[in-house]
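# What the coordinates show
Read off the chains here:
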Amino acid sequence: MKKKKGFVFVETLVVTAILTVSLLASYSTYSALIIKEKGRISYNDSVYLYRTYYLEKFFKNFYLGAAKTEVNHINEIGNTQSRKGYSVVGCSETILPQEPNQTVNRNKGVCDLIIYNLHVDKLFLMYKDLGYLQKCNNWEGDCAIFAVLDDGMAEYVKTIGGSSETAEQASLSGYRMVARYKEKKDGSNCGEDSDECQTFYSTVSIGDIDGK
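For the structure given in this document, a descriptive report is provided here.

### Regarding the nonpolar core
Leu 55, Met 126 and Leu 149 are the most contacted members of the largest nonpolar core, which totals 42 residues. No other element matches strand β2 (residues 120–127), which puts 6 residues into this core.

### Let's talk about the state of the cysteines
This structure, assessed with the given rule, holds 3 disulfides. A sulfur-sulfur separation of 2.1 Å characterises the disulfide bridge that pairs Cys 136 with Cys 143. Residues Cys 136 and Cys 143 share a disulfide whose torsion about the S-S bond is about -85°; that sign makes it left-handed. Both residues of the pair, Cys 136 and Cys 143, count as buried. There is a disulfide in this structure between Cys 190 and Cys 197, and the S-S distance comes to 1.9 Å. According to the relative accessible area criterion, Cys 190 is buried, its value standing at 6%. Exposure remark for Cys 197: the relative accessible area of 21% places this residue in the partly exposed category.

### What to know about the packing of aromatic side chains
Scanning all chains against the criterion turns up 9 aromatic pairs. Summarising the aromatic geometry, the rings of Phe 58 and Phe 59 are spaced 5.3 Å apart at their centres and angled 85° between planes, so their arrangement reads as edge-to-face. The same class applies to Phe 58 and to Phe 59, which are both buried. Their ring planes at 75° and their centres at 6.1 Å tell us that Tyr 86 and Phe 124 sit as a pair that is edge-to-face. In this pair, Tyr 86 sits in strand β1 (residues 86–88) while Phe 124 sits in strand β2, placing the two residues 38 residues apart along the sequence. Classification of Tyr 86 by relative accessible area gives buried; the value is 10%. What makes Phe 124 buried here is its relative accessible area of 2%. Connected via pairs of aromatic rings, a cluster forms that spans Tyr 43, Tyr 156 and Tyr 201. One cation-aromatic arrangement involves Arg 51 over Tyr 181; the distance from NZ or CZ to the ring centre is 5.8 Å.

So, how was this worked out
- Counting starts from 1 at the beginning of each chain's written sequence and moves along it residue by residue.
- Whole-chain, interface and lining totals are the exception, using all residues; otherwise, since this is a predicted model, local features are given only for residues with pLDDT of at least 70 and side-chain atom pairs are given and counted only at 80 or more.
- Hydrogen atoms and water are omitted, and side-chain values are computed over all heavy atoms in the structure.
- Remark: nonpolar core denotes a set of buried residues (Ala, Val, Leu, Ile, Met, Phe, Trp, Tyr, Cys) joined through side-chain atoms within 4.5 Å.
- When accessible area is computed with a 1.4 Å probe and restricted to protein chains, residues below 20% of their type maximum are described as buried, those above 50% as exposed, and intermediate ones as partly exposed.
- Going along the chain from the N terminus, every DSSP run of H or I of four or more residues is numbered as a helix, and every run of E of two or more is numbered as a strand.
- By convention in this document, the label disulfide applies to cysteine sulfur atom pairs within 2.5 Å.
- Only the six-membered ring of Trp is used, alongside the rings of Phe and Tyr, when aromatic pairs are assigned; centres must lie within 6.5 Å, and planes under 30 degrees apart are stacked while those over 60 apart are edge-to-face, with the rest tilted.
- Any Lys NZ or Arg CZ found within 6 Å of a ring centre and within 35 degrees of that ring's normal is scored as a charge over the ring.

The structure is reproduced here in structure tokens:
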């Protein structure tokens, strides 16, 4: 009887261990799915798509419109020496020229106000086709763009996809604007309360360098 009780005890331990491992594996899979789903919710929400579309229209007037003083900014993307694959978009006076007979650069003032009110945290100009970034596992060559992107933005950029194999191929596809927004749960600006911030990502195509 004692031997039988010992065998039952060992058998119980083995079954318990198997069940524990199975439950842990199931929990890990479930947690991974939840995290991915939360990420998808923060991608291309209609509200942020509209905001990015608005930003694209505003900046397009300066990047690709009559005031082409910042063409070099776009050329950063396709530079054959650096081939960075991106250009940071911001409210610089180079992009936003001062109107004649004005003592204050109103264009820059409007830009700063738009960026603040739309809760824009980061804004990039990239190639429209980002397929060449799908297999990146380092920060070299065509993958140099990931040296300036945080993990969240890097994951989002990889979901955009495309058919290009290299940055050179992607340069023929035109351009897109990629935006990252940060705001509190109540929809207000984050300010310094980074712990309460939520992050959202969105992108829109802006056509080629001639604005077509």
